[in-house]
Amino acid sequence: QFPRECTSADVLRSARCCPSPFGRANDPCGASLGRGQCVPVQADTRAHGPQYPHVGQDDRERWPLRFFTSACRCTGNFYGYNCGRCKHGFTGANCDTPVPVVRRNVMSLNPTERRAFINALDQAKRTIHPDLVIATRRYEEIFGNITIFENITIYNFFVWSHYYSDMLGDPTFALPYWNFGIGGNQCDICTDDLMGARSSFDENAISSNSIFSQWRVVCESVDDYDTLGTICNSTESSPIRRNPAGNVDRPMVQKLPEPQDIEACLQLITFDTPPFYSTSTDSFRNTIEGYSSPDGTYDPVVRSLHNLAHLFLNGTGGQTHLSPNDPIFVLLHTYTDAIFDEWLRRHPESQNYPLENAPIGHNRNYNMVPFWPPITNAEMFVPAPENLGYSYEATWPARPITLTEIITIAVIVALVIVAIIFVATTCAMRSRAHNSESRQHLLGEQYQRYDDHDAHSSKSQSVV
Ligand SMILES: O=C(O)c1cc2cc(O)c(O)cc2[nH]1
């Protein structure tokens, strides 16, 4: 996707996408207000790995260099293609006021909140994106031709969620999540007050009582890319298909991930391992993605966690080129993101994931996200975010205590006991010596017994 302001012939020719946030002349990226600077884009220039067979053919390579060589780098918490917005989680004129945001389990929304959420999704499906457009042709055809950029609705747009809270007019709103780690073959959010129940007439369709039965999908014609050279455009075609747990040919995807699968993947220590691909083993990234068993072991036949949740939906939501059309996609990924967030909290030592070691696709230029997820399977992972003050409505299952922690606790307890014994012994010896010195005195009138204290309440009496 591209900022609409950067798709004129002049701007494309200049290869410089640095608009002013407030329409001021000669003020790229709001530089006069200290919001940002127009800088050369730095993309990873290393060769692709052997697992990538499309070298030179895809406009997303070294994104966005094929289109723009300069773009805005925003200062502090300013954000967006023109630095006109605040980073998510901040508000105010200087974008320095944190907004407390709570991630909520979608099942815990009350009826009013459910209606508001579903209506907002539907509004997003119908509203043209205010800032961004999509390219429907490849670069060679785009250059100098402004007609092949198209408007698209906010929902139909990959980063629509960024704009979502402003739609609601509530900066504290966080997208709720679907806890898909509940096992079993029931889609608990597939009810008409949430994501739509199953139609009574067609097991692959959504009930007509749900607004989502009226939604039509985009990007269905995946073959056109090969035959016509066109990229997905904004044309809507057929209804959403969904038949949770109904894939009779693939029993493995008839059940949702188990709670212990989530816990197992949270225990993996390393963010990613070579070859940084869907074949990686002991990789948190590949495990949460679902190409490994939940314990991290790569197995080509396994589908778990995020992938399993997709495949469980068995329809639009289970096909990579179509899945975002089913609004469950949003809730599935907010949960995947929450697991990632929890992993970051549990493994602070693993957070310095060096970008120089990152595979292609993990890039810093998230002011301009590729118009489709990167080709690697790193669908949603960006460098570790700053702590934006997110919290959870629900707590995660308690983490089992490790052997190292048990040993550490035992050593500390032993040391404390030794210290107590030492102090007690020392006190007893001193007290014995002291008692023999003052025995006469203790037996005299001035000795205050505790019951005396209550009776007389006289602090002036000497207490020995
Ligand atoms: O087959 C898979 O593992 C699979 C399907 C699917 C669909 C989708 O939209 C994804 O994002 C991932 C995914 N994996």
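As the structure is a computational prediction, the values presented were derived from the model and not from experiment. (Residues numbered from 1 in each chain as written. Predicted model: local features only at pLDDT ≥ 70, side-chain atom pairs only at ≥ 80, totals over all residues. Heavy atoms only, no water.)

1. Here's the deal with the environment of Gly 56
In step 1: Locating Gly 56 in the fold gives a position in the loop between β3 (36–40) and β4 (70–74).
In step 2: Considering only alpha carbons, one finds Gly 56 and Tyr 277, 221 residues apart in sequence, at a separation of 20 Å.
In step 3: Leaving out residues up to four positions away in the same chain, Gly 56 has contacts with Glu 61, Arg 66 and Arg 138. (Helix = DSSP H or I, 4+ residues; strand = E, 2+ residues; numbered from the N terminus. Contact = heavy atoms within 4.5 Å.)

2. So, the confidence of the model for the chain
In step 1: Here the chain averages 78 in pLDDT, and 70% of its residues register 70 or above.
In step 2: Every residue in residues 358–390 is under pLDDT 50, and counting partners more than four places away or in other chains gives 97 contacts.
In step 3: In the predicted structure, residues 433–464 sits below a pLDDT of 50 and forms 16 contacts with residues beyond four places in sequence or in another chain.
In step 4: For this predicted complex, the interface score ipTM comes out at 0.94, while the overall pTM is 0.72. (pLDDT = per-residue confidence, 0-100.)

3. A look at the UniProt feature "domain: Tyrosinase copper-binding" (unreviewed entry) in the chain
In step 1: Under the present numbering, the feature "domain: Tyrosinase copper-binding" (unreviewed entry) in UniProt falls on residues 326–337.
In step 2: The straight-line gap between the two end C-alpha atoms of residues 326–337 is 18 Å; of that span, 83% is helix and 0% is strand. (UniProt positions renumbered as here; feature names shortened; annotations may be inferred.)

4. Some remarks on the sheet that holds strand β11 (residues 149–150)
In step 1: Strand order in the open sheet made by the three strands is β1-β10-β11, with antiparallel pairing throughout. Strand pairing shows two members of the sheet lacking a second neighbour, β1 (2–3) and β11, which therefore form its edges.
In step 2: Two elements, strand β10 (residues 132–135) and β11, share two bridges in a ladder whose sense is antiparallel. Along β11, the bridge assignment pairs Ala 135 with Phe 149. (Pairing = 2+ DSSP bridges.)

5. Thoughts on helix α9 (residues 328–346)
An α-helical turn contains 3.6 residues, so a residue and the one three or four places further along point in the same direction.
In step 1: Taking 1.5 Å of rise per residue, the 19 residues of α9 would be expected to cover 27 Å, and the 27 Å separating its terminal C-alpha atoms lies within 8% of that figure.
In step 2: Burial of α9 is extensive: 17 of the 19 residues sit out of reach of the surface. (Expected span 1.5 Å × (residues − 1). Buried < 20%, exposed > 50% of the residue type's maximum accessible area, 1.4 Å probe, protein only.)

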